[in-house]
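The chain contents come next:
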Amino acid sequence: MPLKRLFVYFICILIVTLHTSCSDFSRLQKTGTPEEKLAKAIEYYNKGETYKAGVLLEDISPILKGKAEAEQALYYLANNYYKQKQYIMSAFYFKDFYLTYPRSKFVEETMYMHIYSLYLSSAEYNLDQQSTYECLKALAVFSTRYPNTTYLKECELIYTELNTKLMHKAYEHSMIYHKVGNYKSAVVAISNFINDYPNSIYLDKSYYTRFEAQCHLAKNSIHGKIQLDRYYQAIAYYQLYVDKFPDSKHKKVSNEYYDKTVKALEELNSK
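Remember, it's a predicted structure, so these values are computed and weren't measured experimentally.

> Account for the overall build of the chain, with residues named and values stated.
Counting its regular elements, the chain contains 12 helices and zero strands. Reading the chain from its N end, one meets helices and strands in the order α-α-α-α-α-α-α-α-α-α-α-α. A globule of 271 residues ought to have a C-alpha radius of gyration of about 18 Å, yet the chain, at 31 Å, is considerably larger. In terms of principal-axis extent, the alpha carbons of the chain reach across some 100 × 55 × 30 Å. By the burial criterion, 41% of the 271 residues in the chain qualify as buried. In the chain, 58% of the contacts between residues at least 6 apart in sequence involve partners at least 24 apart. Here the chain displays about 16,600 Å² of accessible surface, and carbon together with sulfur accounts for 57% of that area. Taking the 34 positively charged and 29 negatively charged side chains of the chain as two groups, their mean positions are separated by 4 Å.

Laid out in structure tokens, this is it:
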């Protein structure tokens, strides 16, 4: 058979196969029983045909509520969304599953998959972190319920990564006030960051920046007791900084700010 005719033959076979498949799917959608649709949806799921599986599962899940097959349908629906990388939807349905069927053998698995779906839907640190907070909250509940879970290592990695992301976001947020010259807010925000993340990799820069912001705040204050108190607070922040980071890379600049602060205080006290 010539190559061209062979190619045409295979194309025709493919078209007939696809048409038959689509016709069977459409017919099942219209006339199939919920049980038939569930069986076919699982077949589609196992073959990787997630679109068709999802259509059937979405169709039958509400109908099967209260029946024995409902648990299986919801389990596959959640996993099907996960396979499609629709992680917000899979998180929703995994949670729906373990809340609806708290005695199911799949509870531990679906609780973890709810966490993992939220983790995968977590945005970059500079964007909204709703999924991140929801994930950490779910992780805390899961860890309490299953302290010896088989997913322990995975949970520890998720916790570390998400907390690092929130720490980075908090650090950047605290630095913004200093960058725009709002030194009073900068001191408050950086102090909050230091208290919230006492083991952060950003502590050196945070302690130094708080001291610098306090120096600017004092310098720009109206002469009087408030300015005097702010200069004294700057010296207190400097002392905390050099005690904690005696070999900081900002040491030279911080010493220059300190000298200026001491000089300003001497001038104010001499008046």
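On we go.
> If you had to explain the packing of aromatic side chains to someone new, which residues and values would you point to?
One pass over the full model with this rule turns up 25 aromatic pairs. Each ring, one from Tyr82 and one from Tyr87, has its centre 5.7 Å from the other, and the planes form 55°; the classification is tilted. Each ring, one from Tyr112 and one from Tyr116, has its centre 5.9 Å from the other, and the planes form 15°; the classification is stacked. In this pair, Tyr112 and Tyr116 both sit in helix 6 (residues 107-121), four residues apart, roughly one turn of the helix. With a relative accessible area of 6%, Tyr112 lands in the buried category. A network of ring pairs unites the aromatic residues Tyr82, Tyr87, Tyr112, Tyr116, Tyr119, Phe142, Tyr146 and Tyr151 as a single cluster. The ring centre of Tyr44 lies 5.5 Å from the NZ or CZ of Lys40, which sits over that ring.

> I'd like to hear about helix 7 (residues 130-145), residue by residue, with values.
Spacing of three or four residues puts side chains on the same side of an α-helix, whose turn is 3.6 residues. With 16 residues, helix 7 should reach 22 Å at 1.5 Å per residue; the first-to-last C-alpha distance of 23 Å fits that figure. Of all the positions in helix 7, only Ser131, Thr132, Cys135, Leu136, Ala138, Leu139 and Phe142 are classed as buried. Buried residues along helix 7 sit in contact with helix 6 and helix 8 (152-179).

> Any chance you could break down the environment of Gly48 for me, citing the residues and the numbers?
Structurally, Gly48 can be placed in the loop between helix 2 (34-47) and helix 3 (50-60). A relative accessible area of 46% places Gly48 in the partly exposed class. Separated by 35 residues in sequence, Gly48 and Lys83 have C-alpha atoms that sit 8.5 Å apart.

> Talk me through the packing of helix 6 against helix 8; I want residue IDs and the actual numbers.
Following both chains from N to C, one finds helix 6 and helix 8 inclined at 30°, their axes separated by 11 Å at the closest point. Taken together, helix 6 and helix 8 sit at an angle that is classed as roughly parallel. Along this stretch, helix 6 crosses helix 8, giving a crossing that reads as left-handed. Residue-level contacts link Tyr112, Ile115, Tyr116 and Tyr119 of helix 6 to Glu154, Cys155, Ile158, Glu161 and Leu162 of helix 8. Residue classes in the contact of helix 6 with helix 8 are distributed as seven nonpolar, no polar and two charged.

> Account for the pattern of salt bridges, naming residues and giving values.
Going through the model one piece at a time under the given rule, you end up with six salt bridges. With a closest N to O distance of 2.3 Å, Asp24 and Arg27 form a salt bridge. With a gap of three residues between them, Asp24 and Arg27 both fall in helix 1 (residues 3-31), about one helical turn apart. Classification of Arg27 by relative accessible area gives partly exposed; the value is 47%.

> Help me get a handle on the side chain of Thr149, residues and values and all.
As for its placement among the helices and strands, Thr149 is situated in the loop between helix 7 and helix 8. Residue classification places Thr149 among the buried residues on the basis of a relative accessible area of 7%. Among the polar contacts listed, one links the side chain of Thr149 to the backbone nitrogen of Tyr151, at a separation of 3.1 Å. Beyond its immediate stretch of four places on either side in the chain, Thr149 contacts Glu108 and Phe142.

Conventions and cut-offs
- Residues numbered from 1 in each chain as written.
- Predicted model: local features only at pLDDT ≥ 70, side-chain atom pairs only at ≥ 80, totals over all residues.
- Heavy atoms only, no water.
- Helix = DSSP H or I, 4+ residues; strand = E, 2+ residues; numbered from the N terminus.
- Rg over C-alpha atoms; globule rule 2.2 N^0.38 Å.
- Buried < 20%, exposed > 50% of the residue type's maximum accessible area, 1.4 Å probe, protein only.
- Contact = heavy atoms within 4.5 Å.
- Areas by Shrake-Rupley, 256 points an atom, 1.4 Å probe, with all protein chains shown as cover.
- Lys, Arg positive; Asp, Glu negative; His and termini not counted.
- Charge placed at Lys NZ, Arg CZ, Asp CG, Glu CD.
- Phe/Tyr/Trp six-rings, centres within 6.5 Å; stacked < 30°, edge-to-face > 60°.
- Lys NZ or Arg CZ within 6 Å of the ring centre and 35° of its normal.
- Expected span 1.5 Å × (residues − 1).
- Axes fitted to C-alpha atoms, helices over the stretch in contact; angles between N-to-C directions.
- Parallel < 35°, antiparallel > 145°, perpendicular 65-115°, else oblique.
- Left-handed = near helix turned anticlockwise from the far one by under 90°.
- Nonpolar A, V, L, I, M, F, W, Y, C, P; charged D, E, K, R; others polar.
- Salt bridge = Lys/Arg side-chain N within 4 Å of Asp/Glu carboxyl O.
- Polar contact = N/O pair within 3.5 Å; in protein donor to acceptor, adjacent residues only side chain to side chain.

By themselves, these figures tell us nothing about what the structure is for.
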